[in-house]
Amino acid sequence: MLGVRPDASDQEVRDAFRRLARQHHPDRSAAERAGADRMAEINEAYRVLSEPSRRAVYDASLRRSPAEPPTVPEPADDAYTPSTSRPADYQPARIPWRMLSVVGIIAVVGIVVLAQFTEPGEPDAPDGIMRIGDCVEIELDNDAREIACTGDPLIDLVVRAFVPFDGRCPGGTLAHRDRQGMGVACVATGER
């Protein structure tokens, strides 16, 4: 195909390939289809003759008798052979949806069951930021300051709402300024 002798050097094979590629490349050939077929044959011949292991197999096939079937060597472990087509037994990866859904359902049920049997933790310690439902004490300057709840609804003063400074607290609550100056805390006893 390349027109080189069986004992041609690598440089001679390369030069013959380049010369024929310039002549028969489909972009340069008048009859593009014929040039493409011829170029594919030239590429295959160069691929075989440029790699020493493939060239040895090809040379051995020339010396073999026609009745003897050709043998194909195993590719080397480090040889890279790109494949443009998928093997016949190719199957895309499958995602085990049934198993994932069963595991998900078991996890949700486990979380719900654990939530039923756990006791609520200790109430959060006062952090200085008042929220609705926090216990407060009233200071001498009429400011409300967050404290830990005692658990006695008759003693605990609880924040029921927050309103702006010019707003009005709902009935049954007393207005006390937030110690941090964020507005007015509407405070009532814990039993309401």
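Residues numbered from 1 in each chain as written. Predicted model: local features only at pLDDT ≥ 70, side-chain atom pairs only at ≥ 80, totals over all residues. Heavy atoms only, no water.

J.: It is not clear to me how the state of the cysteines should be interpreted in this structure. Could you clarify?
T.: What is meant by a disulfide is a covalent connection between two cysteines, made through their sulfur atoms. If you walk through the whole model with that rule in mind, you get two disulfides. Bridging C135 to C149, the disulfide has an S-S length of 1.8 Å. Disulfide C135-C149: the torsion about the S-S bond is 105°, which places it as right-handed. Of this pair, C135 sits in strand β1 (residues 135-138) while C149 sits in the loop between β2 (143-147) and β3 (157-163); the two residues are 14 residues apart in sequence, bridging distant segments of the chain. At a sulfur-sulfur separation of 2.1 Å, the disulfide partner of C169 is C186. Taking the sign of the torsion about the S-S bond as the criterion, the disulfide between C169 and C186, at about -85°, is left-handed. Here the residue C169 occupies a position in the loop between β3 and β4 (174-178), and C186 occupies one in strand β5 (residues 184-189), the gap between them amounting to 17 residues. Given a relative accessible area of 0%, C186 falls into the buried group. For the protein, numbering the cysteines in disulfides from first to last along the sequence yields the connectivity 1-2, 3-4. (Disulfide = S-S within 2.5 Å. Helix = DSSP H or I, 4+ residues; strand = E, 2+ residues; numbered from the N terminus. Buried < 20%, exposed > 50% of the residue type's maximum accessible area, 1.4 Å probe, protein only.)

J.: Is there a simple way to explain the sheet that holds β1 in this structure?
T.: Reading around the barrel, the five strands line up as β1-β2-β4-β5-β3 and close back on themselves, with mixed pairing between neighbours. In this sheet, adjacent strand axes meet at a mean angle of 60° when their direction is disregarded. Where β1 meets β2, four bridges bridge the pair, whose relative direction is antiparallel. Along β2, the bridge assignment pairs V136 with E146. (Pairing = 2+ DSSP bridges. Axes fitted to C-alpha atoms, helices over the stretch in contact; angles between N-to-C directions.)

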